[in-house]
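Coordinate analysis (summary)
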Amino acid sequence: MLGTHFVTSLRTRPRRARVLAAPIARIARITPAALVAAALLTLAAPAPAADIWVGSSCPTTSIANALVGALGPDDDTIRIVGDLSNVDQNFVNWDPDTVGSITILGRHTTCGSTQRNGPRSEISGDASGPVFDISATSGNESVVTLDGLTIRDANNAYAVVANGSGANLTIRDSEISFSDGGLQVMNGADVEIDVDVSIRLNDVGSGQGGGINCLGSGSTVALGAIVRENDAGTGGGIAVQTGCVVTLRDGAYVILNDATWGGGIAVLNTGSTVITDPGLTFGIRIDDNTALQEGGGVWVVNSGSMVLQETWVRGNEAGDEGGGAYVDASGLFVMDRGDSFCVARRCSWLEGNTLASEGFGSAVFAGGNSTVNLYQTYIENHTGLNQRGFVLYAEDPGTTMRVESSQLWNNHTWALRRAVGDAVVTPRGVSAALNDYRNILNNIVSSAGATTDTTGIVTIEASILQNHDTFFSQGGGSVTASCSYLTTSGGLAGGTTTLQTGTNPGFLDAPRGDLRVYTSSPTVDRCHTFAPTQRDLEHKLRGFDEPGIGFPGDVHDWGAFEATGLFFADGFESGNTSAWSDTVP
């Protein structure tokens, strides 16, 4: 449950001995006005536009000196030749309307040449603060682009800081690494990070946001980059807090990060939001992150929200609760396929997450009046220590978990779902098969379809559950089902209606995770009371009544998939060779 979240990390793997202060608001040292004064003192007239080469072999050897020649009203480019060290550069009020925007462009090998044929230019920091600090005071702008750089070795600070509602930073073809924090975005700044950027191997100790820390109302980050192998107390990869909005774009991979809470991404409080803008090229991934306590992949608390479309949350691990996602204290967490033309076999995929203990929610934990919606999502291959625990777990009054048009397959826990303490779990249009665990006798047995305790409620509707164990309730909890195909109805509460029990619902290929059904399945067109709110798992419209198949009078199919008929009579396109035939009709 939600506790005191910002404490010193309890991890066993030692951190580097570094201390990070609270979010940094640094005093501006170099402003356009100061540079104008310096230019007048040296009788240097500002140029209307500038291409300035900076390097040890160039006439200009520092970025600070180059800025003196970049005061014209046009956009200017500072071209880095080779590497620079001991950089601690501020860009304050670098307004396009007055002095033009600034681009810091690396990969140059020769002074005076615009050809970029070298490696990224390494820009290393000093001991005093960020390598680059882009800030804007009230009513001003500061527009900066960083391109072709490796920015590293900031001590006691984030390597790059964007601060203020007029600060606008674009990062391309760059790396931010080996610093006491990667990128900090604050007080309304806007940052766009392209797909060819990597933010990695940064460590904020027990602080927030090892890779990216975004905070403050109006602050935004549009991320298409890789955020990997960063460390923090909260939000190993990314921390989102106090009103920041982070958009994960096509190519955003948050992977292999480490924290106490929220190994991949932590959303900490009201108004803080993570959303997605998926594409067709790379996808969005939150994979292989680790949390010592809660939320291996993501941690959403204190009325924060995360809405993921066409996103994979895979291979994450938590110590206690929420291997894939931990949601508490009125948080909101949503996964769904979305409305775009996803071409992946599994568009929204919650897969392979686990718990290091016999805890709760190897896929998702929800508590404290939170809301979890899993729509058009594959929920597969989850487990916990000794294959105990539950795939989906909800507790506390006001907590709801709605699972619709989704598939649960090949999970290895004692039960698929658990609701306790007045929480409500609602599987609707769900297909489940081959979920099992190894019991204390070392025998593999089927997982329970659902369990409840202390007035928790599970309500199953229009679903197919194959090879599950009996339902189990105690303490005033209940499990009910309607319009569903079940292996057994044992343990269901009264009021259950329109059920069929059996062991063969007609899945196309359950051993390989294909839980679509043949048109001859007893689950086709079986329910007229089901009112779906989502399309099926393949994004087809629900309620399709194909003539000649199913039961007359009912239009809604049970399970995650709407049966619309296979092209070949023997199911050739399903890949299930057992039904193939060479008989000529």
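Below you will find a few notes about this structure. As the structure is a prediction and not an experimental result, all values here were calculated from the model. (Residues numbered from 1 in each chain as written. Predicted model: local features only at pLDDT ≥ 70, side-chain atom pairs only at ≥ 80, totals over all residues. Heavy atoms only, no water.)

Some thoughts on a nonpolar patch on the surface
Where nonpolar side chains cluster on the molecular surface, the patch consists of Leu280, Phe341 and Val343 and spans about 410 Å² of accessible area. Turning to its location among the elements, Leu280 is positioned in the loop between strand E24 (273–277) and strand E25 (284–287). (Patch = residues over 30% accessible without salt bridge, like charges linked within 9 Å, V, L, I, M, F, W, Y side chains within 5 Å. Areas by Shrake-Rupley, 256 points an atom, 1.4 Å probe, with all protein chains shown as cover. Salt bridge = Lys/Arg side-chain N within 4 Å of Asp/Glu carboxyl O. Helix = DSSP H or I, 4+ residues; strand = E, 2+ residues; numbered from the N terminus.)

Side note on the pairing of strand E32 (residues 332–336)
When you tally the buried positions in E32, you get four out of five residues, the bulk of the element. Judged from the five bridges that link them, strand E28 (residues 305–309) and E32 form a sheet pairing that is parallel. By the bridge assignment, Ser305 is partnered in E32 with Leu332. (Buried < 20%, exposed > 50% of the residue type's maximum accessible area, 1.4 Å probe, protein only. Pairing = 2+ DSSP bridges.)

With respect to the packing of aromatic side chains
A complete count under the given rule lists ten aromatic pairs for this structure. Ring centres of Phe360 and Phe390 lie 6.1 Å apart, and the angle between their planes is 15°; on these two criteria the pair is classed as stacked. Here Phe360, found in the loop between strand E34 (354–355) and strand E35 (364–366), pairs with Phe390, found in strand E38 (residues 390–395); they are 30 residues apart in sequence, far enough to count as distant. Its relative accessible area of 30% is what places Phe360 among the partly exposed residues. Exposure remark for Phe390: the relative accessible area of 6% places this residue in the buried category. An aromatic cluster is built from Tyr326, Phe360, Phe365, Phe390, Tyr393, Trp414 and Phe472, whose rings are joined through pairwise contacts. A cation sits over an aromatic face here: Arg314 above Trp349, 4.0 Å from the ring centre. The aromatic ring of Trp349 is capped on one face by Arg346, whose charged end is 5.8 Å from the ring centroid. (Phe/Tyr/Trp six-rings, centres within 6.5 Å; stacked < 30°, edge-to-face > 60°. Lys NZ or Arg CZ within 6 Å of the ring centre and 35° of its normal.)

With respect to empty space enclosed by the protein
On inspection of all chains with the given rule, the structure shows one cavity of 30 Å³ or more. One number sums up the size of the largest cavity: a volume of about 40 Å³. Lining the largest cavity, in full, are Leu416, Ala432, Asn435, Ser447, Leu465, Gln466, Asn467 and His468. Across the lining of the largest cavity, the residue classes tally to three nonpolar, five polar and no charged. (1 Å grid on protein atoms, 1.4 Å probe; cavity = no way out; pocket = protein on both sides within 12 Å on 5 of 7 lines; lining within 4 Å. Points joined across faces, edges and corners; volume = space filled by probe spheres on them. Nonpolar A, V, L, I, M, F, W, Y, C, P; charged D, E, K, R; others polar.)

What to know about the layout of surface pockets
A volume near 170 Å³ is recorded for the second largest pocket. Lining the second largest pocket we find 14 residues, and of these Gly279, Gly283, Arg285, Cys342 and Ala344 sit closest to its centre. Within the lining of the second largest pocket, the residues separate by chemical class into eight nonpolar, three polar and three charged.

A word on the pairing of strand E16 (residues 212–215)
The alternating pattern of E16 places Ile212 and Cys214 on one face and Asn213 and Leu215 on the opposite face, and all of these are buried. Bridging between strand E13 (residues 183–186) and E16 involves four bridges; their strand directions are parallel. Bridge pairing in E16 links Leu183 to Ile212. Taken together, the four bridges between E16 and strand E19 (residues 238–241) define a ladder with parallel strand orientation. The partner of Asn213 across the bridge, within E19, is Ala239.

Brief notes about the state of the cysteines
Counting across every chain of the model gives four disulfides. One disulfide in the model links Cys58 with Cys111; its S-S distance is 1.9 Å. Measuring handedness by torsion sign, the sulfur bridge of Cys58 and Cys111 sits at about -90° and is left-handed. With a gap of 53 residues between them, Cys58 in the loop between strand E1 (51–54) and helix H2 (63–68) and Cys111 in the loop between strand E5 (102–108) and strand E6 (121–125) connect regions that are remote in the sequence. You can call Cys58 buried: its relative accessible area is 6%. On the basis of relative accessibility, which here comes to 27%, the residue Cys111 falls in the partly exposed class. Each sulfur in the disulfide pair Cys342 and Cys347 lies 2.0 Å from the other. (Disulfide = S-S within 2.5 Å.)

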